[in-house]
Amino acid sequence: MRAYPTHIDFRANVQRVPPHIPVSVRKATSRFLGTRQAVVNVLGDEQWQRLRQAAHELRLHTLQHLDSYLVQLEQQVTAAGGVMHWARDAAEARQIVLELARARGVHRAVKVKSMATEEIGLNHALQENGIEVWETDLGEFIIQLAGVGPSHIIVPAVHLTKEEIAELFTQKLGVNAPADPLKLCAIARTHLRQAFLSADMGISGANFLVAESGTLVIVTNEGNGRMCTTLPPLHVAVVGIDKVVPDFESLSILLKLLPRSATGQKMSAYTSFITGPRRTAQEGGPQEFHLILLDNGRTRILQDAHTRKTLLCIRCGVCLNVCPVYNHVGGHAYGFAYSGPIGAILSTQLLGVRTAADLPFASSLCGACAEYCPVKIPIPEILLHLRHRALEGDRIENAVMSPAIRAGVQAGTLAFRLPWLYEWGTQILRYLQTPFRRDGWLPHLPPPINRWTMVRPLPAFGADFRAWFRERTPQGRAREQRRRANIILGVLGAVSIIALALLRRKK
Ligand code: SF4
């Protein structure tokens, strides 16, 4: 169970990625991308682009009027018999859940998959306080047994093979588990059924919160969400303030985009709408419903016009599926609940650049994430802005890059501006690299420039493109003749000046 991170070292995490991860991850992500493309094709590209644009505008509008929608939400949740709590940060949210649990003598809790509770490290806090907690989404259940965090927003155990899961079940549940997905599901179901029936508290997140009715919307494929939110007498939901939508009409647009982008389904198997606790003793459902609205840095993200669109995210996970970096390293390298491109921009802002400065640099900036994002978040632009924040600082945070790296970047910028400096610099670098050069590669460079070679060797500086250009083209040859003439004139001029100076001194 992962505690709240204080520093994320992406490069060190990448070095710990097992070699089979890229194969397992790519197998799953390419399957999701294939099914997504099929359902998008059915709608037609024009209709799909119209939906994306409508969702983008709707989410922006909601963020611009977030204050009034949150107030409306609170009124509606209270009117439906629920209780609203406001949590400024992760510690406050954990504290509210613990107080609710303690006051009701909770010993066991069941959870439906929730990124917000992953974000605040809730399981860790509950277990430290003697409360048994069971994840009930199959993927979350598996990674809970494995003792690790999710490696994908919607498929948390994407990095594990069925053989590894069978071994895990055999070790942790004391059963003879075969590497057969159906039998593994049956084992998990038997185990979790007892947990559902004996739990004192159900914990959930939400995909959306409808302001006009105070309704919590949970989209799942396994049905565990309904068990968690209806069987225990107490239901506590922890949800980010960015999950609010104005009304059911707006919701219908997002519900068209989310399952198609996430799993390539027209609709998820279960879409649950929960408005308050049960009204009468005869009804099913929990006796109490508490909604904890989590800020945890979101209002700070809202303050910056350059990065605000991060909060448009509906957590579909398609940006992970198309990202070449994510497909190569998997989710654990990102060191926090959110991974892939959305993790690189969201975690950096939630945790701050002091903790997560590596993440905005964990991208090739190829732009595939922005092209696929159903709500059109300009992820590469936000990544660039966060890189600038880490290097130079801005009104939100101070710079965190080491002076040596900053000096290197500034020297590089100057060299790219001045062609003569660039040319001389590359000539000098060719000589400086000699002690580190092995068969055309630089496998190990000394600190502080060793951060690249910690992960992979750097190709040695080889052919000089300018020399190549000069030799092969008429313009190059003419330029070279001019350059040589200038050098000769320069040398003659310098010799004349020195000779004149010497003559004067003799006189
Ligand atoms: S950033 Fe876009 S693509 Fe990525 S998870 Fe969020 S909504 Fe989906």
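Residues numbered from 1 in each chain as written. Predicted model: local features only at pLDDT ≥ 70, side-chain atom pairs only at ≥ 80, totals over all residues.

## Concerning the overall build of the protein
Now for step 1: For the protein, the helix and strand inventory stands at 23 helices and twelve strands.
Now for step 2: Seen through its C-alpha atoms, the protein measures out along the principal axes to roughly 115 × 55 × 50 Å.
Now for step 3: By residue count, 38% of the 507 residues in the protein fall in the buried class.
Now for step 4: Looking at the protein alone, contacts between residues at least 24 apart form 72% of all its contacts between residues at least 6 apart. (Helix = DSSP H or I, 4+ residues; strand = E, 2+ residues; numbered from the N terminus. Buried ≥ 20, exposed ≤ 12 C-beta atoms within 10 Å, placed from the backbone. Contact = placed C-beta atoms within 7 Å.)

## A word on unusual backbone geometry
Working note: non-glycine residues mostly have negative phi, and peptide bonds are mostly trans.
Now for step 1: Positive phi is not limited to glycine here, since Arg 315 has a value of about 55 degrees.
Now for step 2: Given 19 C-beta atoms within 10 Å, Arg 315 falls into the partly exposed group.
Now for step 3: Even without a glycine there, the phi angle at Leu 365 is positive, about 55 degrees.
Now for step 4: Locating Leu 365 in the fold gives a position in the loop between α17 (353-356) and α18 (368-372).

## So, the nonpolar core
Now for step 1: Leu 209, Val 238, Val 239, Leu 254, Ile 292, Leu 294 and Cys 319 are the most contacted members of the largest nonpolar core, which has 117 residues in total.
Now for step 2: Examining the composition of this core, we find that seven residues originate from one element, helix α12 (residues 248-263), more than from any other.
Now for step 3: Not counting the four nearest positions on each side in its chain, Val 239 is found in contact with Ala 116, Gly 205, Ala 206, Leu 209, Leu 291, Leu 293 and Leu 294. (Core = buried A, V, L, I, M, F, W, Y, C linked by C-beta atoms within 7 Å.)

## Comments concerning the sheet that holds strand β9 (residues 270-274)
Now for step 1: An order of β8-β5-β6-β9 is seen for the four strands of this open sheet, with the pairing classed as mixed. Of all strands in the sheet, those with a lone pairing partner are β8 (244-245) and β9, marking the two edges.
Now for step 2: The sheet contact formed by strand β6 (residues 215-220) and β9 spans five bridges and is antiparallel. Each bridged residue has a counterpart across the sheet, and for Thr 220 the counterpart in β9 is Tyr 270.
Now for step 3: Sheet contacts for α12: β5 (208-210), β6, β8 and β9; angle to β5, the most-contacted strand, approximately 165 degrees. (Pairing = 2+ DSSP bridges. Axes fitted to C-alpha atoms, helices over the stretch in contact; angles between N-to-C directions.)

## Describing the domain arrangement of the protein
Now for step 1: Assigned domains of the protein: these are domain 1 (65-296), domain 2 (402-462) and domain 3 (465-507).
Now for step 2: Taking only C-alpha atoms into account, the centre of domain 1 sits 49 Å from that of domain 2. (Domains from an automatic or database assignment.)

## A look at the packing of helix α8 (residues 138-146) against helix α9 (residues 162-173)
Now for step 1: The geometry of α8 relative to α9 is characterised by a closest axis approach of 10 Å and an angle of 60 degrees between their N-to-C directions. Classified by the angle their axes make, α8 and α9 are oblique. Handedness of the crossing formed by α8 with α9: left-handed. Facing Ile 142, Leu 145 and Ala 146 of α8, the residues of α9 in contact are Ile 165, Leu 168 and Lys 172. (Parallel < 35°, antiparallel > 145°, perpendicular 65-115°, else oblique. Left-handed = near helix turned anticlockwise from the far one by under 90°.)

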